Amino acid sequence: MLVIITSVSYAQEGTSSPYSFYGIGIQKFKGTVENRSMGGLSVFTDSVHLNLQNPAAYGELKLTTYTVGVSYNNFKISNATESSSGEDASLDYLAIGIPAGRFGFGFGVIPITSVGYNLNSIADDDTERRFAGKGGLNKVYLSSGFKINKNLNIGLDLNYNFGNIENKAILRRSDVQFDTREITSSDLSSFSLSLGLVFKTMISEKLELSASVVSAPSFKLTADSTRELATILLSNNGQENVIERQEVEIEDEEIDLPAEFKIGSGIGEPRKWFVGAEYTYLDADSFTNPLFSEDNVIYENASKFKLGGYYVPKYNSLTSYFSRVVYRAGFRYEETGLNVNGSSIDEFGISFGLGLPVGRLFSNANIGFEYGQRGNTDLGLIREDFFNVSISLSLNDKWFRKIKFN
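Reading the values: the criteria
Residues numbered from 1 in each chain as written. Predicted model: local features only at pLDDT ≥ 70, side-chain atom pairs only at ≥ 80, totals over all residues. Heavy atoms only, no water. 1 Å grid on protein atoms, 1.4 Å probe; cavity = no way out; pocket = protein on both sides within 12 Å on 5 of 7 lines; lining within 4 Å. Points joined across faces, edges and corners; volume = space filled by probe spheres on them. Helix = DSSP H or I, 4+ residues; strand = E, 2+ residues; numbered from the N terminus. Nonpolar A, V, L, I, M, F, W, Y, C, P; charged D, E, K, R; others polar. Core = buried A, V, L, I, M, F, W, Y, C linked by side-chain atoms within 4.5 Å. Buried < 20%, exposed > 50% of the residue type's maximum accessible area, 1.4 Å probe, protein only. Contact = heavy atoms within 4.5 Å. Patch = residues over 30% accessible without salt bridge, like charges linked within 9 Å, V, L, I, M, F, W, Y side chains within 5 Å. Areas by Shrake-Rupley, 256 points an atom, 1.4 Å probe, with all protein chains shown as cover. Salt bridge = Lys/Arg side-chain N within 4 Å of Asp/Glu carboxyl O. Lys, Arg positive; Asp, Glu negative; His and termini not counted. Charge placed at Lys NZ, Arg CZ, Asp CG, Glu CD.

Caption draft 1: How the structure looks around the layout of surface pockets. Reported here for the largest pocket is a volume of approximately 910 Å³. As for the largest pocket, its lining consists of 37 residues, and the residues nearest its centre are Asp46, Val48, His49, Arg271 and Phe362. Mapped by element, the contributors of at least two residues to the lining of the largest pocket are helix H1 (33-36), strand S8 (208-216), strand S13 (273-282), strand S16 (326-340) and strand S17 (343-357). Ranked by residue count, the leading element in the lining of the largest pocket is S17, at 3 residues. The residue inventory of the lining of the largest pocket, partitioned by class, reads 16 nonpolar, 13 polar and 8 charged.

Caption draft 2: Looking closely at the nonpolar core. In terms of nonpolar packing, the biggest core is built from 28 residues, with Tyr19, Leu221, Ile255 and Leu257 touching the most fellow members. Broken down by secondary-structure element, the contributors of at least two residues to this core are strand S2 (64-78), strand S4 (103-122), strand S5 (128-147), strand S9 (219-234), strand S11 (253-257) and S16. Per element, the largest residue contribution to this core is 4 residues, and it comes from S4. The residues touching Tyr19, leaving out its near neighbours within four places in the chain, are Ile26, Leu338, Ile345, Arg374, Gly375, Asn376, Leu381, Ile382 and Glu384.

Caption draft 3: Molecular detail of a negative patch on the surface. On the surface, Asp187, Asp224, Glu249, Glu251 and Asp252 cluster together into a negatively charged patch. Relative to the assigned elements, Glu249 resides in the loop between strand S10 (240-248) and S11.

Caption draft 4: Structural view of the environment of Ser286. Relative to the helices and strands, Ser286 resides in the loop between S13 and strand S14 (297-299). With 33 residues separating them along the chain, Ser286 and Thr319 place their C-alpha atoms 56 Å apart. With sequence-adjacent residues up to four places away left out, Ser286 is seen in contact with Asp256 and Pro258.

Caption draft 5: Expanded view of the pattern of salt bridges. Tallying each qualifying case throughout the model produces 16 salt bridges. For Arg374, the salt bridge identified is with Glu384, shortest N-O distance 2.7 Å. With Arg374 in strand S18 (residues 364-375) and Glu384 in strand S19 (residues 383-397), this residue pair connects regions lying 10 residues apart in the sequence. Glu384 matches Arg374 in its accessibility class, with the two residues each being buried.

Have a look at this one:
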């Protein structure tokens, strides 16, 4: 269906992927720049960084931690005959974590999915269809982690998911004077939760073994939608002049979003180096979207594989700044669960990054780089090549100091 690319617009939503046309958009990475630079690993936790992917990690915190992340994406989109390029940028997360003895708490806001596309297809009879979409799904979360003992943490995420997605389709026929436009706008909302576990133990004098599990049950997303049908006259510069419009009532619908299960393990020397691997299973064949369906699209159960780690030459060096820099790298391969024209849409990425000490305590600025691909050019499909630059600040402070009197 979508075989010809005519333009790619700048997307405030943080994506310009044609594959955000399907479902409720492209899945956003829901972790920090530190995690993303290690292939997206969530298995690593420590006492001075937030881990937004596993609520049990909040039980590790020793300092109040603020973090914010942004990213810039440069991409090239190709089919079998032509290509287009563009760029976009987004705010990726804003969060705070607060330690309270054996408990740790956190709250923040994170994008979950992103929609941003501008596509065109032309049939053999010169019938032209234009598609555009914007928006996405976000979550506000409240997390708590509890340190059961020196080896084991458990945690819980409570999320309120919200957002709006607008999809627009324009039909043009060469033998008809006016064009037809359909705009569907959906306000999305739901509550969800996830459970996490972190286990750590020293297996030798220097080596520590880490393991983590995260389970997020399936949940139903409520869609409160409106639809507008209009007769328009599309000018040569793309301006849409409305001749007549009417509203169409749509009943509220529920979208079944898939369950996710994640398990990982790693080994390393604390404050020196770490190497880990992670596997995620997504029950994506249970996904349903009654607002949008295509005959050439199905959803499949999906798996994700991640490998990564970090190295610090000497974290407490007083003479060399670069000895205190954290060097990170990783690799990921992901099945998205989306199948178009009988072909699975898969994705891979290679990443590396730096953690640069700033200020006092253990605050740092983090920068990450990732090159990756999504999809392929077989069967009339589209391949995306992308290069991401992500930047974050992770700032630490000590709250609730005891006041001492002489």
